[in-house]
Amino acid sequence: MASEDSRLRVSVEDGVTRVDFIDRNILDEANIKAIGEELNQIIESASQPKLVISFANVDHLSSAALGQLISVNSKVREHDGQLRLADISPQIYEVFAITKLNKLFEIHETASDAAGSFG
Amino acid sequence: MPDPQAHHAQPEGRLEIANDRDAIMTLGDRVIRAAEEAGYSEASRFAVRLALEEAIVNAFKHGHKSLPEDETVHVEFEIEPDEIRIRVTDKGPGFSPEDVPDPTTEENLSKTSGRGLLLMRAYMTDVTHNDSGNQIRMTYARPESQS
């Protein structure tokens, strides 16, 4: 995951994989596709993955990024895993609220809250 | 001689933009800087940037689906004291906005696309399309609280 082209920073602690975005703006298709491929690798490398995606670095995202998150959520479920989102700024949270995706995803205030929420 | 205007962002522009992340972000920066100089708040700038980028990304993703990758879209923006206007025109066949299903209904909530238009409508004051559906016109009116 530490390749030069990686769009993610990944760390594992107590069986929970935390992913941070390197880009502040998750925008275009090429970027989102690369992120999706990296996340898929993470999900496929674990059985019952526990994944926390932190938005601490993210200032902007596009609807295409939301679509990719939905794909990631489905993939995690296929692997009997669990996905949490965290560290979402009020502005970005509004994007989730407008699209009603705050109902689809389990969103926590901080990544450590999210990590502590896994059963 | 250094240009004394160099540090000011132009409040209007017309350009062809390629499907390139850096180019789209540079344009976003430029529009946002001009909006900031015109006194628009951070919330307004967030809204305008999101709508601008969404319109461009959508134009490439949907409008240019069957066109060569290097085809550009045309962007126009005008930042005025009372409103910001953005037009994005693609070279595709156009679409009917009324055919886009509501992405917030339960049966559509897990679909991976269809939210761009919803977001642009939510953040901008007015969103319309030309008759052939290959041009989106968006206006952001400055909220009274900022005037």
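Everything here concerns the structure above.
Note that the coordinates shown come from a computational prediction; the quantities given were computed from them, not determined experimentally.

What about the sheet that holds strand β2 (residues 16-21) of chain A?
Through backbone hydrogen bonds, the strands of a sheet pair up, either in parallel or in antiparallel fashion.
All names here are of chain A.
Inference 1: Spatially, the five strands line up as an open sheet ordered β1-β2-β4-β6-β7, and their pairing is mixed. The open sheet has two edge strands, β1 (8-13) and β7 (107-108), and neither has a second partner.
Inference 2: Sheet topology places β2 next to strand β4 (residues 50-54); five bridges connect them, and they run parallel. If you follow Thr17 over to β4, its bridge partner there is Leu51.
Inference 3: On top of the sheet, helix α1 (residues 29-44) reaches β1, β2 and β4; it is set at about 15° to β1, its chief contact.
Inference 4: Docked against the sheet, helix α2 (residues 63-78) engages β4 and β6 (82-86), running at close to 145° with respect to β6.

Examining the packing of α1 of chain A against α2 of chain A
Residue and element names in this part refer to chain A.
Inference 1: It is the contact of α1 with α2, at a shortest axis distance of 10 Å, that shows an interaxial angle of 15°. One element, α1, and the other, α2, form an angle in the roughly parallel class. As for how α1 packs across α2, the hand of that crossing is right-handed. The segment α1 lies against α2, with Ile32, Lys33, Gly36, Leu39, Asn40, Ile43 and Glu44 engaging Ala64, Ala65, Gln68, Val72, Lys75 and Val76.
Inference 2: Of the residues assigned to the contact of α1 with α2, the class counts are seven nonpolar, three polar and three charged.

Quick notes on the nonpolar core
Inference 1: Within the largest apolar cluster, 69 residues are counted, with the highest numbers of intra-cluster contacts made by Ile53, Phe55, Leu61 and Phe96 of chain A together with Ile56 of chain B.
Inference 2: At 11 residues, helix α2 (residues 42-63) of chain B tops the list of elements feeding residues into this core.
Inference 3: Residues contacting Ile56 of chain B, with those up to four places away along its chain left out, are Ile17, Ile24, Leu27, Val73, Val75 and Val88 of chain B.
Inference 4: Of all hydrophobic cores here, the second largest spans six residues; its members include Val16, Ala86, Ala111 and Phe118 of chain A.

Notes on the packing of helix α3 (residues 90-98) of chain A against helix α3 (residues 116-123) of chain B
Inference 1: Direction vectors running N to C along α3 of chain A and α3 of chain B enclose 120°, while the axes themselves pass 10 Å from each other. Between α3 of chain A and α3 of chain B, the interaxial angle falls into the category oblique. Crossing of α3 of chain A against α3 of chain B: the hand is right-handed. Where α3 of chain A approaches α3 of chain B, its residues Gln91, Glu94, Val95 and Ile98 of chain A are matched on the opposing element by Leu118, Leu119, Ala122 and Tyr123 of chain B.
Inference 2: Residues that form the contact of α3 of chain A with α3 of chain B fall into these classes: six nonpolar, one polar and one charged.

About the criteria used
- Residues numbered from 1 in each chain as written.
- Chains lettered and ligands numbered in written order.
- Predicted model: local features only at pLDDT ≥ 70, side-chain atom pairs only at ≥ 80, totals over all residues.
- Heavy atoms only, no water.
- Pairing = 2+ DSSP bridges.
- Helix = DSSP H or I, 4+ residues; strand = E, 2+ residues; numbered from the N terminus.
- Contact = heavy atoms within 4.5 Å.
- Axes fitted to C-alpha atoms, helices over the stretch in contact; angles between N-to-C directions.
- Parallel < 35°, antiparallel > 145°, perpendicular 65-115°, else oblique.
- Left-handed = near helix turned anticlockwise from the far one by under 90°.
- Nonpolar A, V, L, I, M, F, W, Y, C, P; charged D, E, K, R; others polar.
- Core = buried A, V, L, I, M, F, W, Y, C linked by side-chain atoms within 4.5 Å.
- Buried < 20%, exposed > 50% of the residue type's maximum accessible area, 1.4 Å probe, protein only.

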